[in-house]
Amino acid sequence: MWYKAARAILRYRVILLVILFGGTLFMAWQASKVQLSYDFTRALPTDNPKYIAYQEFLKEFGSDGSTVVIGFKADSFYRKDYFNEVVALQQRIKKVAGVKEVLSIPDAMNLLNDPVKQKLVPKKIFEYPYTSQLALDTARAVFENLPFYRTLLYNSQTSAYLMGIVVSKDSINSKYRSVLINDILRETNLFELHTDTDLRISGLPFIRTRIGDRIKNEMNWFLIGSLLLSAITLFVFFRSIGATVMSLLVVGMGVVSSLGTMVLLGYKITLLTALIPPLVVVIGVPNCIYFLNKYHTAYRETRNKETALITMVGRMGVVTLFCNIAAAIGFAVFSFTKSELLKEFGAVAGINILLLFFISLFFIPSVLSFLPAPKEAHTKYLDNKYLASICLKIERWAFHHAKWVYCITVLVLLFSVVGVFKIQREGFIVDDLPKADKIYTDLKWFEENFGGVMPLEIVVDTKKKNGLFRNTKTIAAIAEFSEYLDSSYATARPLSFVEGLKFAKQAYFDGDSLSYTIPYEADLAFIGPYLKSGKDSSGKTPANGFTKLLNNFIDSNKQKARISVNMKDVGSAVLPDLLQSYEKRATQIFDTANYKISFTGSSVSFLEGSSFIIKGLKESIFWAFLLITLCMFYLFKSGRILLCSLIPNLVPLIVTAGVMGWAGIALKPSTVLVFSVALGIVIDVTIRFLINYKQELPAHNGKIEPTLKQTISHTGISIIYTSLVLVAGFIIFCFSDFGGTKALGWLTSLTLLVGTITNLILLPVLIISISRK
């Protein structure tokens, strides 16, 4: 069958090349329209309770986690020149496109009791710019008499000050988000230059944007780097510019197709799908190496180019097909999960790994038929004495040191299994960043001075319309729960409508800070009518009105209240226990028969999404292994060969897991991905070895030992070279600034190296042992 296919490919080579180049141009046109995804909640399926609760919250109260925070320490903050610089910074940031509002001390509002109109009137505290230090000091005294702003905009104990920048959800979730953040940074850099102040910048929009931009830039460089390393390795291997360029064109077409596939399927580039182009490179290059290696071997035997090409396709077609099927299965199983992120990654990766097979099958023989026959220099690598000596040592270990091979394997497995039990499952928002990185240090600065920046939202549902203001019981319960949250080491001071009511009560008693307390029943007579008003003569709520502040924390029916609190990045291992303790305390304070308390927000979504991805990856690895097992059984139709093939692939995965445990590398989405990637690639080596063994068996009259020796000497060289190319392709990820990407690079490289050793040494030993029995 494959020999007939080879003749057909050579007969219709021009048509096939036209189709390939035409298809590539079409895919390139589609790829030019690819866009980045900025939706960070798609890790969860739409029927997940946490996802549903978060979407309901967004519908009711608007977005959370849309604030960029700027912080700094300054003993001279209230000196007029410095204060005016802060004012100038605030005004410049307000003019940045995409900025909705700036919350800072210069624009802080006070509430004044208007006895004539009998309502509270919001009034600016600071009348900038200041030319008089006395006037600024007077305004400062008024401001610092307002407990509402303490620990929200400033920390008096550390002389730390905060400016909150509320950004548009449409802007921060679009391709313009990088422009928005860079525009803000331009203004902060100018402030630093004028005042010689070290500004700290953080917040979920800022962290996501900066990390997303870094990953995008890294992926571009890694793609270029993997292509460059592959080109160098291929040239060193084959000593042929033609073979090198041809191989790069194969992976280049694969990369273009992967990006075009995303557009055709209606997908955008996510943090996961951004890994596909470099993966296409490192998976596509082995196809080229094995095809070329068989072509050169056949040409040296026959000295006929056409016969060598037919032999190449005839012998390697089925091998490459099943190798790519196995690799595609390793990724395609992700599409069976409920996570949209994993589905997209699995679908695009699976489709394009199979496309790589057809690109290689049609392109390589067709191009080689137009190129001159290989020269002696191009096939010189087949006589590499160093690799030949390695293959001889492999033979010696396989045939004469089987017991040592088994003993070493068992010891390594025991060591690895102990490490597996040491693996921790934990992830942080910024745990992939170096501890000295400014994003990380700035986040820790805000945690130290203001309690954190990760949003947590608690929704209190009274189950009744106007239930929030029927009596002070609900208000007192929210205040008590807020005090509990404030006492937690992991949270900042919570903010709710109750804080607004305290502010209103203080204003009603002429600004007495001692009156910043929960309103009594009698106080609601005053506060209630005020909440119903709050509109100006045109019928609109004033831009800085107190009503607007309250409406951010209660729904239109006054049935649900929102408690917003910022958290520290405590990690996915601590956060569930922390939330559980909060929920337990909430049930003690609120009567569950009359109240429904729900915890949501970006922090909860991150935790649930991270856990869901890890669970999905684990399940996918299981199904991938099962499907690959069935594929191997269909291919070899032998239970003994199947057993021999699975053991050399399980050992590298267990060793990698053990190394993760001993090295203290936590289980998270980026590290779990290693097993799926490595499984699909390592099984490739097994299939190539066993199919070559099966093809050589009849030529040696079914004798095991001479067949194995021939397979090791012929296939071993290409397997070693392929492993070197793959390791070079993945090792480039070790130059990443992100710990997860680094781990993906060196852990995958380790798995590939161990897989090469087990397939070249352990696999022959297993075959010999089983054949003897």
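Residues numbered from 1 in each chain as written. Predicted model: local features only at pLDDT ≥ 70, side-chain atom pairs only at ≥ 80, totals over all residues. Heavy atoms only, no water.

Engineer: What is the right way to read the nonpolar core from this model?
Structural biologist: Buried together is how nonpolar side chains tend to be arranged in soluble globular proteins. With 245 residues, the main nonpolar core has F77, I105, F126, Y149 and F497 as its most contacted residues. F57, L58, F61 and V459 belong to the second-largest nonpolar core, a separate cluster that totals five residues. (Core = buried A, V, L, I, M, F, W, Y, C linked by side-chain atoms within 4.5 Å. Buried < 20%, exposed > 50% of the residue type's maximum accessible area, 1.4 Å probe, protein only.)

Engineer: How do you make sense of the packing of aromatic side chains when you look at a structure like this?
Structural biologist: Two descriptors summarise a pair of aromatic rings, namely the distance from one centre to the other and the angle between the planes of the rings. Inspection of every chain in the model, using the stated rule, returns 39 aromatic pairs. Taken together, a centroid distance of 6.2 Å and an interplanar angle of 25° make the contact between F481 and Y484 stacked. Taken together, the positions of F481 and Y484, both in helix α16 (residues 472-487) and three residues apart, correspond to about one turn of that helix. The class for Y484 is partly exposed, based on a relative accessible area of 26%. Above the face of the W29 ring, K33 is positioned so that its terminal group lies 4.1 Å from the ring centre. The ring of Y484 carries the charged tip of R585 above its face, separated from the ring centre by 5.9 Å. (Phe/Tyr/Trp six-rings, centres within 6.5 Å; stacked < 30°, edge-to-face > 60°. Helix = DSSP H or I, 4+ residues; strand = E, 2+ residues; numbered from the N terminus. Lys NZ or Arg CZ within 6 Å of the ring centre and 35° of its normal.)

Engineer: What is the right way to look at unusual backbone geometry in this model?
Structural biologist: Comment: phi is negative for the bulk of residues other than glycine, and the bulk of peptide bonds are trans. Note the cis peptide between Y128 and P129, where omega equals -5°. Relative to the helices and strands, P129 resides in the loop between β4 (119-124) and α5 (133-144). Phi angles above zero are rare outside glycine, and D196 is one such case at about 55°. For D196, the location among the structural elements is in the loop between α7 (177-195) and β7 (200-202). Phi at D510 takes a positive value of approximately 60°, unusual for a residue other than glycine.

Engineer: What exactly am I supposed to notice about the state of the cysteines here?
Structural biologist: Two cysteines, two sulfur atoms, one covalent bond between them: this is a disulfide. Counted under the stated rule, the structure contains zero disulfides. Free cysteine: C288, not disulfide-bonded; nearest cysteine sulfur from C323 at 13 Å. (Disulfide = S-S within 2.5 Å.)

Engineer: For this particular structure, what's the right way to read the pattern of salt bridges?
Structural biologist: Any two side chains of opposite charge can pair, given that their charged atoms come close. This model, assessed by the stated rule, comprises 19 salt bridges. Linking K124 and D107 is a salt bridge whose minimum nitrogen-to-oxygen distance equals 3.5 Å. Of this pair, K124 sits in strand β4 while D107 sits in the loop between β2 (99-103) and β3 (109-114), and the two are 17 residues apart along the sequence. Among the ionic pairs, R200 bridges to D442, the shortest N-O distance being 3.2 Å. Taken as a pair, R200 in strand β7 and D442 in helix α15 (residues 438-450) lie far apart in primary sequence, 242 residues in all. For R200, a relative accessible area of 21% corresponds to the partly exposed category. By sharing partners, the salt bridges in this structure join R92, D183, R186 and E187 into a single network. (Salt bridge = Lys/Arg side-chain N within 4 Å of Asp/Glu carboxyl O.)

Engineer: It is not clear to me how the packing of helix α21 (residues 602-636) against helix α23 (residues 669-696) should be interpreted in this structure. Could you clarify?
Structural biologist: Two quantities define a packed helix pair, namely the angle between the helix axes and the distance between the axes. At a closest axis distance of 9 Å, the pairing of α21 and α23 adopts a crossing angle of 5°. The orientation of α21 with respect to α23, classified from their angle, is roughly parallel. Of α23, the residues touching α21 (which contributes S610, I613, I614, L617, K618, I621, A624, F625, I628, M632, L635 and F636) are P669, V672, L673, F675, S676, L679, I683, T686, I687, L690, I691 and K694. Taken together, the residues of the contact of α21 with α23 sort by class into 19 nonpolar, three polar and two charged. (Axes fitted to C-alpha atoms, helices over the stretch in contact; angles between N-to-C directions. Parallel < 35°, antiparallel > 145°, perpendicular 65-115°, else oblique. Contact = heavy atoms within 4.5 Å. Nonpolar A, V, L, I, M, F, W, Y, C, P; charged D, E, K, R; others polar.)

Engineer: Would you mind showing me how to read the packing of helix α8 (residues 204-238) against helix α9 (residues 241-264) here?
Structural biologist: Following both chains from N to C, one finds α8 and α9 inclined at 150°, their axes separated by 9 Å at the closest point. Judged by the inter-axis angle, α8 sits roughly antiparallel to α9. When the axes of α8 and α9 are compared, the crossing they make is right-handed. Contact with α8, carried on its side by L223, L227, A231, L234, F235 and F238, involves I241, A243, T244, S247, L248, V251 and V255 of α9 and no other residues of that element. (Left-handed = near helix turned anticlockwise from the far one by under 90°.)

Engineer: Would you take a moment to explain empty space enclosed by the protein for this structure?
Structural biologist: Rolled over the atoms, a probe sized like a water molecule indicates the empty space that remains. The tally for this structure, following the rule as stated, stands at four cavities of 30 Å³ or more. Quantified by volume, the largest cavity comes out at close to 90 Å³. As for the largest cavity, its lining consists of 14 residues, of which I429, D569, L575, S603 and F606 are closest to the centre. Put simply, the parts of the chain that give the lining of the largest cavity at least two residues each are β8 (454-461) and α21. A class-by-class count of the residues in the lining of the largest cavity yields eight nonpolar, four polar and two charged. (1 Å grid on protein atoms, 1.4 Å probe; cavity = no way out; pocket = protein on both sides within 12 Å on 5 of 7 lines; lining within 4 Å. Points joined across faces, edges and corners; volume = space filled by probe spheres on them.)

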